[in-house]
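Descriptive analysis of the structure
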Amino acid sequence: MTISDFWHQAFLAALHRVPADQAKAEADLAVATAIEHWQSTHNGGMKPVWTPLARLDITEIRRQSDDQG
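Let me sum up the structure you'll find in this document. Note that this is a predicted model, so its numbers are computed, not measured.

On to the environment of Asp 5, then. Within the element layout of this structure, Asp 5 appears in helix H1 (residues 3–15). The partly exposed category is assigned to Asp 5, whose relative accessible area is 42%. For the pair Asp 5 and Asp 57, spaced 52 residues apart in the sequence, the C-alpha separation amounts to 8.8 Å.

What follows deals with the pattern of salt bridges. When the charged atoms of two side chains with opposite charge come close together, those side chains can pair. A complete count under the given rule lists one salt bridge for this structure. Among the ionic pairs, Arg 17 bridges to Glu 26, the shortest N-O distance being 2.6 Å.

It is worth spelling out H1 at this point. The end-to-end C-alpha separation of H1 is 18 Å, in line with the 18 Å expected for 13 residues at 1.5 Å each. Those residues of H1 lying buried are Ile 3, Ala 10, Phe 11 and Ala 14. One side of H1 carries all its buried residues, which in axial view fall inside an arc of 100 degrees. In this fold, the buried residues of H1 make contact with helix H2 (20–41).

Right, let's get into the environment of Ser 4. For Ser 4, the position within the fold is in helix H1. Here Ser 4 falls in the partly exposed class, since its relative accessible area comes to 25%. On a C-alpha basis, the gap between Ser 4 and Arg 55 in space is 6.8 Å, while along the polypeptide they are 51 residues apart.

Rules of the game
- Residues numbered from 1 in each chain as written.
- Predicted model: local features only at pLDDT ≥ 70, side-chain atom pairs only at ≥ 80, totals over all residues.
- Heavy atoms only, no water.
- Helix = DSSP H or I, 4+ residues; strand = E, 2+ residues; numbered from the N terminus.
- Buried < 20%, exposed > 50% of the residue type's maximum accessible area, 1.4 Å probe, protein only.
- Salt bridge = Lys/Arg side-chain N within 4 Å of Asp/Glu carboxyl O.
- Expected span 1.5 Å × (residues − 1).
- Arc of directions from axis to C-beta.
- Contact = heavy atoms within 4.5 Å.

Honestly, it's all geometry; don't read function into it.
The structure is reproduced here in structure tokens:
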């Protein structure tokens, strides 16, 4: 699932319960939470490859290492 797909699913799920502005905020929070989860459980080993962010699978988002500024 891409980040874009994930965000749209989260937005639509929230839109059934709350107004659009709040649904957008909930979708953003869901994406950030999912990315943080995958970053914290990732064990490294992948080479960085440039890909438009919206096309990445949500599990492929990597935290920038501290030594890279």
